[in-house]
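Commentary on secondary and tertiary structure
The chain contents come next:
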Amino acid sequence: MVWTIVPAIALAAIVIYGLKTWNDIMFNNDEDAKVVEVYAFQFGWWTRYSGDDNTLGKADYKLITATNPLGVITDKNIKDSYAFLDGEVDKISTILEDSKNDNGEYFIPSSQVDSLVEKMERYKRQKYRIQSGIDKGHLNDSIYKAANDDVLVQELHLVKDQPYAMKFRSKDVIHCPWIPHMRMQMNAVPGMETGFNFTPTVSTVEMRSKPEVIEHYKNINKIHNERLNRLGEQEEKVEFNYILMCNKICGAAHSNMKMDVYVETAEEFNTWISEKKTIAQKASQ
Ligand SMILES: [Cu+2]
C-alpha cells in the first residue's frame, strides 16, 4: 500500500508543479509583455516588433513576395501581390503566344504547354484567393492597421527585465528557434503560431563581465587568433554574444540559421529601434 500511495503523492506533486510552470510560460496573459515575432525560413530568420500598439499585424502566406517576406497583410502589400501575380500571368501568356506558328498551333511540346498553362492557372488561383479571402477593399486600411507600426529586422534586441510574449511562425518546414544561453527553444511550425513568455534577466554587457565567460572567451580568442596567425591574417577579438539558432535539422543550410541576440537597456533599445522604419513608413517611400 505504501508503495502505491507515496509514489502517487510524489508524482501528483511533480505533475501539478510542472503544469503550473507550463501554463505560466505558455498561456501567460501578462499585458505588460511585449509581443515579438520570430519568423523562420530556409535558411534564416526575421524578427518582427509589434510597435506601439503591441499587436502584430495579420499575415498570410499567400501574400509572401520578395518585398513582403512574412506575408504581412496591408493594402499596399495586397496591391503589390496583384501586380506581381498579373505580371507572371502576362509573362506566361506572352511565352504561349510566341510559341504558336502562323496556323495558331503550338510548336513546343504539348507537355511544356500544359505545364505553362498549369503554372498560369496557379497564379490566377492565388490572386482569386487573395481577392476572396484577404482583400476587403476600402476597409483594408482599418482592418489591417495593426501592421502599420510593425518593424521588420534580422536581429533580436531585447530589453533587460522586460517581459516578452514571443511568437513563432515558419514559412516552409519545421524549424526550432533556440537561444542556448537562455535554455529556451520552441518549434516554429508552418501553418500555425507557437510561442511562450519569458523575461531576459542578464544583459549582454553583464554576461561579458562574468568571470567564467571572460575565462571561456580568453580561450576562444587564443585558439581563434592562433589560427588567424597561421593564415597570416589580422588578429581580432571575439566577444560574447547571445545567439538564436535553429535546433531542428531543416535542410542543407540549417547550420547557417543564426541570428544575433542583444539584451540591453531600454535606452539602447529605443535608440536602435527608432532608426528602423515601420511597415507604413517603408510603404510610403
Ligand atoms: Cu531551421
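Residues numbered from 1 in each chain as written. Predicted model: local features only at pLDDT ≥ 70, side-chain atom pairs only at ≥ 80, totals over all residues. Heavy atoms only, no water.

Here the protein chain is partitioned into domain 1 (34–56 + 149–285) and domain 2 (75–143). On a C-alpha basis, the centres of domain 1 and domain 2 stand 38 Å from each other. (Domains from an automatic or database assignment.)

Turning our eyes to something else, we now look at unusual backbone geometry. A negative phi angle characterises most non-glycine residues, just as the trans form characterises most peptide bonds. Of the consecutive residues Gln 42 and Phe 43, the connecting peptide bond is found in the cis state with omega at 5°. By the element assignment, Phe 43 lies in the loop between strand 1 (34–41) and strand 2 (44–49). The backbone phi angle of Asn 54 is positive, close to 55°, even though this residue is not glycine. The phi dihedral of Asp 161 is positive, around 70°, even though this residue is not glycine. Examined against the element boundaries, Asp 161 turns out to sit in the loop between strand 4 (156–159) and strand 5 (164–170). (Helix = DSSP H or I, 4+ residues; strand = E, 2+ residues; numbered from the N terminus.)

The next point concerns the side chain of Lys 62. Considering the arrangement of structural elements, one finds Lys 62 in the loop between strand 2 and helix 2 (75–98). The buried category is assigned to Lys 62, whose relative accessible area is 15%. With residues up to four places along the chain from it excluded, the contact list for Lys 62 reads Gln 126, Arg 129, Ile 130 and Ile 134. (Buried < 20%, exposed > 50% of the residue type's maximum accessible area, 1.4 Å probe, protein only. Contact = heavy atoms within 4.5 Å.)

Our focus in this paragraph is the coordination of the copper ion. Surrounding the copper ion are the protein donor atoms His 175 (ND1), Cys 246 (SG), Cys 250 (SG) and Met 257 (SD), at 2.0 to 2.6 Å. Geometry at the copper ion is tetrahedral, judged from the 4 donor atoms that bind it and their angles of 92 to 125° at the metal. Positions of the donor residues of the copper ion along the chain correspond to the pattern H-x70-C-x3-C-x6-M. As far as the burial class goes, Cys 246 and Cys 250 line up, both buried. (Donors = N, O, S within 2.8 Å, 3.2 Å for Na, K, Ca; no water. Tetrahedral: all angles 85-135°; square planar, octahedral: opposite > 155°, others 65-115°.)

Looking along a regular strand, one sees side chains alternate from face to face of the sheet. A large share of strand 9 (residues 242–246) lies buried, amounting to 4 of its 5 residues. Bridge analysis of strand 6 (residues 177–179) against strand 9 gives 2 bridges, and the strand direction is antiparallel. Considered in strand 9, the bridge of Trp 178 is made with Met 245. Pairing of strand 9 with strand 10 (residues 258–264) involves 4 bridges; the strand directions are antiparallel. By the bridge assignment, Tyr 242 is partnered in strand 10 with Val 261. (Pairing = 2+ DSSP bridges.)

Spatially, 5 strands are ordered 3-2-1-5-8 in an open sheet, and the strand pairing comes out mixed. Sheet topology places strand 3 (151–153) and strand 8 (194–198) at the edges, where each strand pairs with a single neighbour. When the angles between neighbouring strand axes are averaged without regard to direction, this sheet yields 20°. (Axes fitted to C-alpha atoms, helices over the stretch in contact; angles between N-to-C directions.)

Glancing now at the nonpolar core. Trp 45, Tyr 49, Leu 156, Met 166, Phe 198 and Leu 244 are the most contacted members of the largest nonpolar core, which totals 35 residues. If we ignore the near neighbours within four places in the chain, the residues touching Met 166 are Val 36, Val 38, Leu 156, Thr 194, Gly 195, Phe 196 and Phe 198. Counting 16 residues, the second-largest nonpolar core is a separate cluster that includes Ile 73, Tyr 82, Leu 85 and Ile 92. (Core = buried A, V, L, I, M, F, W, Y, C linked by side-chain atoms within 4.5 Å.)

On to the pattern of salt bridges, then. One pass over the structure, following the stated rule, counts 18 salt bridges. Between Glu 118 and Arg 122 there is a salt bridge, with its nearest N and O atoms 3.6 Å apart. Of this pair, Glu 118 and Arg 122 both sit in helix 3 (residues 110–133), 4 residues apart, which is roughly one turn of the helix. You can call Arg 122 partly exposed: its relative accessible area is 46%. For Arg 208, the salt bridge identified is with Glu 239, shortest N-O distance 3.6 Å. Taken as a pair, Arg 208 in helix 5 (residues 204–208) and Glu 239 in the loop between helix 6 (211–230) and strand 9 lie far apart in primary sequence, 31 residues in all. (Salt bridge = Lys/Arg side-chain N within 4 Å of Asp/Glu carboxyl O.)

Looking now at the sheet that holds strand 7 (residues 184–185). Pairing in this open sheet of 5 strands is mixed, and the strands run 4-10-9-6-7 from one edge to the other. Sheet topology places strand 4 and strand 7 at the edges, where each strand pairs with a single neighbour. The pairing of strand 4 with strand 10 spans 4 bridges and is classified as parallel. Looking across to strand 10, one finds that Leu 156 is bridged to Val 261.

What follows concerns the packing of aromatic side chains. Each aromatic ring pair is characterised by the separation of its centres together with the angle its planes make. In total, this model carries 9 aromatic pairs according to the counting rule given. Both rings, one in Tyr 164 and one in Phe 198, keep their centres 6.2 Å apart while their planes meet at 35°; by these two values the pair is tilted. Here Tyr 164 is found in strand 5, whereas its partner Phe 198 is found in strand 8, with 34 residues between them in sequence. On the basis of an interplanar angle of 55° and a centroid distance of 5.3 Å, the ring pair of Phe 168 and Phe 196 is categorised as tilted. In this pair, Phe 168 is assigned in strand 5 and Phe 196 in strand 8, connecting sequence segments 28 residues apart. Taken as a pair, Phe 168 and Phe 196 share a single burial class, namely buried. Each member of the aromatic cluster is reached from another via a ring pair, and the members are Tyr 164, Phe 168, Phe 196 and Phe 198. (Phe/Tyr/Trp six-rings, centres within 6.5 Å; stacked < 30°, edge-to-face > 60°.)

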